[in-house]
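As a plain string of letters, each chain reads:
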Amino acid sequence: MNFPAPKTQPGVGHLGRWGRAPLPLLEEGAALGPVFRLQLWRPTVVGYSPDWNRFVLGDVLTFRSKGSMSGLSPYLGAGVVRTDEPDHRPRRRELNPHFTHRSVQDLRPCIADIAVRRLPLGPFDAVAWAAATVREILAATFFGGLFPPRLLAQFLRPLDRALPAPLLRRPWLFHRMNRALAHALAIAPSGTLGAALRELPGGLEEARVALSAGYDTTAHTLAWLLFHAAGHPWWCEPDMREAVIDEVLRLYPAGWLGSRRCAEDTEFAGVTIARGTLVLYSPYLTHRDPTLWKEPLSFHPGRFADPLPPWGYIPFAAGERTCLGRPLARLILDSVLSAFAGSQLDHVQGDPRPRAAITLAPAEPLLLRRKV
Ligand code: HEM
């Protein structure tokens, strides 16, 4: 017995389709069952049921980060992302206290100031605006704004581009970034994330990885958030914001695919998964599964008034490798959305359809107009 698989192309398995358009391939696989096989550069198993999510995310010894897809990108193949047990847990124990909900709350005024100062007037592209705003917020929350903005933009830009841009090695750019980071960490004002990270061994690499992991994820989510808030002014109000953010993260989970490498033979639903297999979970498929979500493709924040399906809502993953920046990302999204309260936001042009690159991104510009 084996898991089902979508049709392959001779010689390349699923690699050709994966490179061109992974989302339709995933959707075709999902229609065959909650766990399916792909033949990428190595044998691959993808699943999206809550049981699968618990199976993969709940077992950090069998399902390891080293050898997974994140290692393909110089942006993500470093620091805590590349660390496995027995080193991962102590590393998280060092990092977590600086990124908790409570500790990032002190950064709210600084984030809110930037959001208000950058509020656009007239027509604007939410995708480009969100990217520039998140970069400025990251520079402020990590370094008190004391980081060369052009270098930060240049360093992060490949993450916004289609594959293979985020996967290419850029030794000179990384060298310049590391040099600037060393200086920025040394002078980061107290109370910033940079000041906390400089006290940790490997803090420079962790700062670089956190900026990389936090940039396009948060920026793309913010662009979709503004797109959906347009025409619904009450969604910017305090009692609605959380559900609207939850719903954006459900429909467009920037981390659309998580990957691990299987460290030893294991078994799921009576099928053996061999050591070395690439094991994928997909928040994108889980969040669009009609057995878990009523009318999964409609945007309906009200659904978050009901209890969530356990292991069925995982925009920040779950378990020990859950996103380090979740509280910061939510704080940014909430602060920026609240800055738009009281103004009129309308659609001008754009379709929120996602495209899959290293993260899920809006496929085209999302043109909005803000009036006061
Ligand atoms: C809306 C924004 C964000 C989303 C949707 C998101 C999503 C995720 C997901 C799904 C993972 C798990 C990846 C895996 O299983 O391999 C993850 C991990 C991670 N995220 Fe985020 N993230 C966001 C923002 C941020 C921010 C702002 C930061 C930095 C401050 C950050 C730092 C990290 C780090 C360091 C990890 C690796 C954790 C580990 O391996 O222990 N993320 N994120």
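Residues numbered from 1 in each chain as written. Predicted model: local features only at pLDDT ≥ 70, side-chain atom pairs only at ≥ 80, totals over all residues.

(A) Layout of the overall build of the chain. Check the secondary structure of the chain and you find 15 helices and 12 strands. For a compact globule of 372 residues, the expected C-alpha radius of gyration is about 21 Å, and the chain comes in at 20 Å, within 12% of that figure. By principal-axis analysis of the C-alpha atoms, the chain measures approximately 60 × 45 × 35 Å. (Helix = DSSP H or I, 4+ residues; strand = E, 2+ residues; numbered from the N terminus. Rg over C-alpha atoms; globule rule 2.2 N^0.38 Å.)

(B) Summary view of the nonpolar core. Core analysis: the largest hydrophobic core is formed by 105 residues, its most contacted members being Ala126, Ala130, Ala223, Leu225, Leu226 and Ala229. Element by element, the count of residues in this core is highest for helix H12 (residues 203-229), at 15 residues. What leucine 226 contacts, discounting residues up to four positions off in sequence, is Ala126, Ala130, Leu345 and Leu368. (Core = buried A, V, L, I, M, F, W, Y, C linked by C-beta atoms within 7 Å. Buried ≥ 20, exposed ≤ 12 C-beta atoms within 10 Å, placed from the backbone. Contact = placed C-beta atoms within 7 Å.)

(C) Layout of the site of the ligand. In the vicinity of the ligand, 24 residues are found, and the nearest of them are Gly214, Gly255, Gly258, Cys323 and Gly325. The set of elements that each furnish at least two residues to the shell around the ligand consists of helix H4 (79-82), H12 and helix H15 (326-339). Examining the composition of the shell around the ligand, we find that 7 residues originate from one element, H12, more than from any other. Of the residues in the shell around the ligand, the class split is 14 nonpolar, 8 polar and 2 charged. (Near = placed C-beta within 6 Å. Nonpolar A, V, L, I, M, F, W, Y, C, P; charged D, E, K, R; others polar.)

(D) Broad picture of the sheet that holds strand E2 (residues 43-47). Taking strand neighbours across the sheet as the criterion, the 5 strands line up as E1-E2-E8-E5-E3 in an open arrangement whose pairing is mixed. On the outer flanks of this sheet lie strand E1 (35-39) and strand E3 (63-64), each paired with one strand and no other. Of the strands in this sheet, E1, E2, E3, strand E5 (258-262) and strand E8 (278-281) touch helix H3 (residues 50-57), which is tilted by about 130° from E8. (Pairing = 2+ DSSP bridges. Axes fitted to C-alpha atoms, helices over the stretch in contact; angles between N-to-C directions.)

(E) A look at the pairing of E1. Buried residues dominate E1, accounting for 4 of its 5 residues. Pairing geometry for E1 and E2, over 5 bridges, is antiparallel. If you follow leucine 38 over to E2, its bridge partner there is threonine 44. Linking E1 back to E2 in an antiparallel pair, the connection comprises 3 residues.

(F) Inspection of the pairing of E8 at higher detail. Where E2 lies against E8, 4 bridges are found, and the strand directions are parallel. Each bridged residue has a counterpart across the sheet, and for glycine 47 the counterpart in E8 is tyrosine 281.

(G) Layout of unusual backbone geometry. Along the chain, glutamate 85 connects to proline 86 via a cis peptide bond; the corresponding omega equals 10°. With respect to the helices, strands and loops of the structure, proline 86 is situated in the loop between H4 and helix H5 (88-99). The omega angle of the peptide bond from leucine 163 to proline 164 is 10°, so this bond is cis rather than trans. Mapping proline 164 onto the fold places it in the loop between helix H9 (149-160) and helix H10 (171-187). Backbone geometry places alanine 269, a non-glycine residue, at a positive phi of 50°.

(H) Structural detail: the packing of helix H8 (residues 126-143) against H12. Running from N to C, H8 and H12 cross one another at 140°; their axes reach a closest spacing of 8 Å. In terms of axis orientation, H8 runs oblique to H12. The way H8 lies across H12 gives a crossing that is right-handed. On H12, the residues that touch Ala126, Val127, Ala130, Ala131, Val134, Arg135, Leu138 and Phe142 of H8 are Ala207, Leu211, Gly214, Tyr215, Thr218, Ala219, Leu222, Ala223, Leu226 and Phe227. Of the residues that constitute the contact of H8 with H12, the class distribution is 15 nonpolar, 2 polar and 1 charged. (Parallel < 35°, antiparallel > 145°, perpendicular 65-115°, else oblique. Left-handed = near helix turned anticlockwise from the far one by under 90°.)

(I) Inspection of the environment of leucine 333 at higher detail. Structurally, the position occupied by leucine 333 is in helix H15. Residues leucine 333 and alanine 130, spaced 203 residues apart in sequence, show a C-alpha to C-alpha distance of 10 Å. For leucine 333, the contacting residues outside a window of four places in its chain are Thr221, Leu222, Leu225 and Ile245.

Shape descriptors only; they carry no functional weight alone.
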